[in-house]
Structures are given as structure tokens and as C-alpha cells.
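# Analysis of the macromolecular model
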Amino acid sequence: MGRLPPRPLLLALLALALCQGRVVRVPAGSLVRVVGTELVIPCNVSDYDGPSEQNFDWSFSSSGSSFVELASTWEVGFPAQLYRERLQRGEILLRRTANDAVELHIRNVQPSDQGHYKCSTPSTDATVQGNYEDTVQVKVLADALHVSASAQPSPALSLREGEPFELRCSASTTSLLHTHLSVMWEVHRASSRRSILALTHESRFRPGPGYEQRYNSGGVRLDTVGSNVYRLSVSRALSADQGLYKCVVSEWIGEQGAWQEIQEKTVDVATVVIQPTVLRAAVARNVSVAEGKELDLSCNITTDRMDDIRPEVTWYFSRTPDSTLPGSHVLARMDRDSLVHSSPHVALSHMDARSYHLLVRDVGKENSGYYFCHVTLWVPGHNRSWHKVAEAMSAPAGVDVIWLEPDYQVYLNASKVPEFSDDPTELECRIVDVKRSDANVRFTVSWYFRINPRSDSVVTSELLAVMNGDWTLKYGERSKQRAQNGELIFSKEHMDTFSFRIQRTTDEDRGSYYCVVSAWTKQRNNSWVKSKDVLSRPVNIFWASEDSVLVVKARQPKPFFAAGNTFEMTCKVSSKNIKSPRYSVLITAEKPVGDLSSPNETKYIISLDQDSVVKLENWTDASRVDGVVLEKVQEDEFRYRMYQTQVSDAGLYRCMVTAWSPVGGSLWREAATSLSNPIEIDFQTSGPVFNASVHSATPSVIRGDLIKLFCIISTEGAALDPDDMAFDVSWFAVHSFGLDKAPVFLSSLDRKGIVNTAERDWKSNLSLERVGVLEFLLQVHGSEDQDFGNYYCSVTPWVKSPTGSWQKEAEIHSKPIFITVKMDVLNAFKYPLLIGIGLSTVIGLLSCLIGYCSSHWCCKKEVQETRRERRRLMSMEMD
């Protein structure tokens, strides 16, 4: 034995051993290997976390009783002489996998290697803590596995894509133990290896990566033929299936509920070569076609496949002959089920299995370019699947679309020419001598206006309206508003005729008109492109314009009459340069107005419009609603009658006549207006003359007093019986020092005794009464400051005529009188003074009471404290 370590080191190792218990482990149970294979036995130390590497010793015993040193990781001279030569040749070696793990490798296992192998870790611990060694049994079996390739098919197998093929390999074992075989097919191509399908030792099928779908669909199968032949079946060969096929067989044995792979053998079965499918697509090189016609191209397919193949044909179009550029787009496609996918103007069909036709309808300039035919061949697979075996692209076919523009002429004529202003104008633009036109060409029109040039002016054309290829109409700035109002109408009468109508032709519309007919060609995307314009000859619209003349003459059939009789006036109208005139008549009267300034005012009485509709204008005499009549005697003569004339009807009467011209339909335009000569109504009467004056005994009052205003009527001339007189009296006030404001109505009393008083915003009230035959009293009760101002009365006398009818005299106005409203100073300040004195008295008494309370309670306390302080001082002095 070596010497023990020093005591401190021994104590440290003892403490470490007490904290860590070592356990050496090798695989449980027994290991089984076949002669010639490699044996690997792992050994590791659990619960070891030391920083340095753990040392391992391996020993061997054929019987399990006495062990011979085999190998060591830390002592070179440890192995026995029997194994040193194999160690030097590398047949036996130790491979460290971690600080606490190592593997024993024995290559080319021999029957003599069967026995027990012990793995141990040297220890210098003073106290053993744990297990420092472990043993495993190894069984070596004879090679009883036989693997070989089947004679069929040949080692070199040449196939075309889509064809089926089968490969077989034979595998069997004569082992005396109960072992299981697993078979796996692999394909090797260049440096890559792919697993196809495997039958595990547990009799389960496991497809390799990328073969799951083919296995699930039945395209790749693995089954047995007889007892020891394993067959790989591929229903449709793909280009990826090319390569060297190998059969990998493994032998497994079950030991204590676990499976061990005891050996594996691989055999080359066959090299599969997939021959490419020959496929070519051809299209005619150069084709020319007229625009609007049909383009027909054929794609002819050539292939060496005669079995069940399905072609898929796709036509491409590109602006360049290079089909690989991204500018190409799909025109049509026919899939392997003969379903066509295309646009409405493109058709794809096949005459036989090797010829496919592309038909493009109504070709245009945009169809010029290069056409390609792409063909893909598909073969059916297992379970209704399909596999692509070949594809090819044809050479480009250049197509040139030739445009044959339509040929036509344009003719413009005026179907309606105006003779006067407001007459309609109608122009027709017609297309004639049309050649080379079909359904893909449509015609539109543009209308232009040109003012007749002067010698020093520049001729410019203005756009009236333009029609685009989609039939949308756009107006020019000159005609936009009038067209929206319906004054200008643009229409298409027939396929070859366009019309333009001016409902009311004005002087500004005189000039030259011409039309431009455009030919539009339909494109692939259903849009329209203009291809040609043809102009018509201009048509001149002109008429000599003269000023409209309208003359009205009024006359009086009965020049003398008296009040109460009927007044009659006729108006004769004559016109010139007015088309189909109709007249409207308005009767006017000029008479004095009853205001303070008394200017002459024109009053509208009754009117008759151009449709013979009568209307009362400003005729307000309710007692004579039917007293005026205006009627049409002839087309150019009108008669006015006024029954039971009054004295107040005196004045100058005229006929105001307006001439109207028709503007189409029921519309009229005012052409001219004229006023007739006046007819005077003047009554020569000897009756009294009435005057009005205002009197007040209290022109200056104090606010709240009563204001009395008397309106006194006086007469001059012949005296009348009071029963033959009646008056309408109205009072007005101007609330200002002058007459610069508008008069305000106060109250009125009509001749029947009915009083009407206006509502006011202040408290004073008004009353109006008749106190005498010729006196009327207005009273303002409880006057206010706002009642000051100028007051006057307006009187309308009514006199009974000898015939018994009442005649209304001219309205008269009195001169204003100024009323002043003063304020009563004593009464105004009486109540404020009494209130002030009362409040002052109350506040004074309250102040006295507060002062007394303060002096009684506050000052009394301070005096007592002062007296106590004096006594305290006196006592101190006495002490």
C-alpha cells in the first residue's frame, strides 16, 4: 500500500467524501453484439461535479470471477499484455465524452470478447461513500444475417418520367436467438442521401422526409414477397427519383424490455435513370391582321409520349420577344381537364390532342406584339394525383395589327333659320358616304360657334358642346348655363344625324356654326379611342335687327260727365318689328297724395296680362270692388270703364302697354313697353271747401295729466245740411321736436262711427269721440314723457250728391300742434325724501344701541382689572 496523505489533506478528502457519494454506472442488463461489429460501452460517474477529469479503469473477465486489466485513462501500464497489441492497433480504445464519462470501443468484435466488463474509478478516500465500480455482461453472437439484391430488375434501370418501377432485396437471419429485422430503402444521388420508406423492427411503416404524401396516396409502397423478399413499388416515377437505390437491413434483439440493434447491413440494389420527356411547342412566326378582325394562332405540340398524358396550354402576350421578362401576361389557359380560363374577347380551343388554337376577337393596336405558347405535360398518379413530367415554351410569334381608318364625309344644313330675335334655330349635322366602318366604330359630334369676322378682328372658334366616345356630353363655357336651362338642345336623331337647336335665338347667337364628327374605335378593355375627325362647312345664321316700336293712343268717347257717372277710356296699340305680339295693359292714375308735402303719385288701378287675366292692383275702395272694368275689345284695342265716379277719382289716367313675344311653348319674352297719352278727369263743382285745424287748451301739461286735442273742420262756400256731410278722421303724431320722423298712427273714427285705436308700448290711453258736427276730440289719459311731439288730424269729407250717392272728397290735413309733457318736481321727490329720512333715523338709533352695549360690557371689565392691579401694588409697597 502507498502512504496515506497528510492529515490535513486526509481530513479535506474525508469532508468531501461525506458531502459527495460517488456512483459508477454502465448500461443495465447485458449487451449483445455480432461478430465483426463494433462494441461501445459507456461509463459515467453520477453526482460528480468536480473541476478535474475523473479517471476510469476497465477490466475484463470471461467468467465474471477474475478480471484482467483492459484499459485505463490515467495509467499507461495498466492493461494486461494480452490487450496491449489490440490497443496499439486501435481495435480497443477509450473515448472521453465528459469529465465524468468515458466510452469503451472494441472494433471487430470476436467471440473471445464475450464476457463481463467492469468500469471502476480509483479512489483515495479514507471512507468509502457510494459505488466505485459497475459491471456489464456482453454476449457475442455469430453473424447469421444474410442480405442480397434481387436479380430482377437489372442493376441499371432506365425509365421515363411517370412510368412505374419495382425494386427488391432479400433479407433473412439464422440466429438462434429471437431477433427482429428492419428494412429501409434509400436513394443516393451525388453526395446526398434520402430515406424513402422503412419497415421497422416493430412492424411499422415510416416514410422518409418528403415522401409522406406519396406514401399516403399509395404512390410509394413497401411489401413482402414470400418470407424474406422486401419489395419497393413506385407507381409514377419522378425526376427526383433518379439515383442509386440501397436496401438497409438492421437486426434487433429485445433484452429486458428494451430493443438493441445488434448489426446493420446495406446492399446496392439498382441505379434508376429517369429519361426526360421530349416536348416541343411551335407557333407561326409572323402574322398580320386588320384592326377589328380576328386573330387566329395555332400551337402545335410534339412529344415522344404516347401514354396517358394530359397537356396544359397557356398563351402569353408580351411587348418584347423575350418571354422571360416580367412584362408578359396571360391571355388564356386550358388546364389538364380541358377547362378554359380566358377573357370574353379571347377564346382557346383544340382541334386534336396536338393542336391548340388561340382566337382574339376585334383586335386593336394594343394587340400588336409577341405571342408565346407554353405547354405542360401531366401524367396521372396514384389516388387521382397528377405529376408534371415536361414543359416547353414556343418561339415568339410576332403579330402586327394594321389599322384601316373609316372614310366618311360630313354635311351641315340649317333646318330652321330665325327671322326675328327669339325665333328657334335648328342645325343638322349628317354623316354621308361612309366606308370601311363596322360595329367597333362609333361616331360622335362636336359643335362650334364662330362670330362673323370684321375687317380688323381675329376669327376665333368657341366650343359649344362635345360628345365623347362613351356618349357623355360636355358643354363649353359659352353654352353651359343656357344648356342647363334648356335653351340649347344637343341631340342625336339617327345613327348618322346629330342636331343642335337654339330655343330662343338672340342677337349674340348670330354667326357661323360648324360641326366636327369624330370616329371612335373600341378597344380590348371596352374603352374607346378617337381615330379620326372630319369638319363640316360652316352655316351662317344672321338676320337684320331693327328696334322694336310700340305706340299707344288713348281717347275718351264721352268728353264731359259729372260725378257719379261712368268714365270710359279706350287704348289703341300699334307695333312694329315685334314677332307675333301679345299685349298686357295696366291702367294708371296720377292724383295728389294726402301727405304733408302733397306730391303727385302714380297709382296702379287694374291690369290685364297677355293671357287676358284681369287683376286689381291698388284699388282699395271696398265699396266699389266691381266699379272698375278692363276688357279686350280687339287684339290691339282695350277699354277701361269706372262706374259711379267720385270726386276723389279726379286725376290723369293712362294706359301702360307691354308687348310680349312667344319664346316656344307657353313662355313669353318682354319685347317693348309704352305709355299712352293722359286722359284727365276734372270735376267742376260748386260745393263747399273743407279745412281742418287742431286746437288744444293745454299744449303744455305735467306728466299724468289729461291732454285734450280738438280737430275742428270748417267749410267755405255753399252751406250743406249736416245730414249730407260725413267725415273720416284720423289722428297722427310725430314724436320729435321737428317733422323729421315718420308720423305714427294714433286713432281713427270713420263716417259710420267706428273707432280704431293703435296699440302702444307705454301706459297712457287714447280716446276719440265726435263732440260736435264739425269737432272731434282726441284725449290722452295719464300722459307720459313719450307723448310729447307734433299732433295733427287727417280728414276725408263725404258729401251726399243730389242723386243720393255719397261722394268722397279729397283728403285734407291740419297743421301740427306741439304738445309738451313736463315733470312734477315735488311729487317726484316726495317719496324718496320720506324714505331717506326714515332710513337715517333707524340707522342712528341702531348705532346708539350698539355703542351703549359696547361701553357697558367691554369697558367695565378693563376697569375692574385696573383696580385689582392697584391694590396689588399697594400691598407690595406695604410689605
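Residues numbered from 1 in each chain as written. Predicted model: local features only at pLDDT ≥ 70, side-chain atom pairs only at ≥ 80, totals over all residues. Heavy atoms only, no water.

Now for the overall build of the protein. Looking only at helices and strands, the protein has five helices and 63 strands in total. Long-range pairs, those at least 24 residues apart, make up 60% of the contacts in the protein between residues at least 6 apart in sequence. Total accessible area on the protein stands at roughly 49000 Å², and carbon and sulfur atoms take up 52% of it. (Helix = DSSP H or I, 4+ residues; strand = E, 2+ residues; numbered from the N terminus. Contact = heavy atoms within 4.5 Å. Areas by Shrake-Rupley, 256 points an atom, 1.4 Å probe, with all protein chains shown as cover.)

Time to look at empty space enclosed by the protein. Applying the stated criterion across every chain, the model contains three cavities of 30 Å³ or more. Taken as a whole, the largest cavity encloses approximately 70 Å³ of empty space. What lines the largest cavity is simply Phe-449, Leu-464, Arg-478, Ser-479, Arg-482, Leu-488, Phe-500, Ile-502, Asp-509 and Tyr-513. Class assignment for the residues of the lining of the largest cavity results in six nonpolar, one polar and three charged. (1 Å grid on protein atoms, 1.4 Å probe; cavity = no way out; pocket = protein on both sides within 12 Å on 5 of 7 lines; lining within 4 Å. Points joined across faces, edges and corners; volume = space filled by probe spheres on them. Nonpolar A, V, L, I, M, F, W, Y, C, P; charged D, E, K, R; others polar.)

What follows is about the pattern of salt bridges. Counting across every chain of the model gives 33 salt bridges. Across the pair Arg-168 and Glu-166 runs a salt bridge whose closest N-O atoms are separated by 3.9 Å. Residue classification places Glu-166 among the partly exposed residues on the basis of a relative accessible area of 35%. Each of the salt bridges in this network shares a partner with another, and the network as a whole consists of Glu-85, Arg-86, Arg-89, Glu-91 and Asp-113. (Salt bridge = Lys/Arg side-chain N within 4 Å of Asp/Glu carboxyl O. Buried < 20%, exposed > 50% of the residue type's maximum accessible area, 1.4 Å probe, protein only.)

Time to look at the state of the cysteines. With the rule as written, the count across this model stands at six disulfides. With a sulfur-sulfur separation of 2.0 Å, Cys-43 is cross-linked through a disulfide to Cys-119. In this structure the cystine formed by Cys-43 and Cys-119 twists about its S-S bond by roughly -85°; its chirality is therefore left-handed. Residue Cys-43 is found in strand E3 (residues 39–46), and its partner Cys-119 is found in strand E8 (residues 115–120); the two are separated by 76 residues along the sequence. (Disulfide = S-S within 2.5 Å.)

What follows is about the nonpolar core. Core analysis: the biggest nonpolar cluster contains 32 residues, and Leu-295, Cys-299, Trp-315, Leu-358, Tyr-371 and Val-375 have the highest contact counts within it. Contact partners of Val-375, with chain neighbours within four places excluded, come to Leu-279, Ala-281, Cys-299, Ile-301, Pro-311, Glu-312, Val-313, Ala-390, Glu-391 and Ala-392. Judged by nonpolar contacts, the second largest core, of 30 residues, contains Val-147, Leu-232, Ala-270 and Ile-274. (Core = buried A, V, L, I, M, F, W, Y, C linked by side-chain atoms within 4.5 Å.)

Judged by how many residues are buried, strand E24 (residues 310–318) sits mostly within the fold: seven of nine residues are covered. In terms of strand pairing, E24 meets strand E29 (residues 369–380) through nine bridges, oriented antiparallel. Along E29, the bridge assignment pairs Phe-317 with Tyr-371. Of the pairings in the sheet, the one linking E24 to strand E25 (residues 329–334) comprises five bridges and is antiparallel in character. Bridged to Val-313 within E25 is Met-334. (Pairing = 2+ DSSP bridges.)

In the predicted model, the protein carries a mean pLDDT of 83, and 89% of its residues have values of at least 70. Within the protein, helix H1 (residues 7–19) has the poorest average pLDDT of any element, 39, and strand E16 (residues 205–207) the best, 93. Confidence drops under a pLDDT of 50 for residues 1–20, and excluding neighbours within four residues, the segment shows 12 contacts in the predicted structure. Between residues 861–879, whose pLDDT stays under 50, and residues either more than four places distant or in other chains, the model counts zero contacts. (pLDDT = per-residue confidence, 0-100.)

With that settled, the discussion passes to a nonpolar patch on the surface. Nonpolar side chains collect at one region of the surface, where Tyr-831, Leu-834, Ile-835, Leu-839 and Ile-843 lie side by side and expose about 570 Å² of accessible area between them. When its relative accessible area of 55% is taken as the criterion, Ile-843 is described as exposed. (Patch = residues over 30% accessible without salt bridge, like charges linked within 9 Å, V, L, I, M, F, W, Y side chains within 5 Å.)

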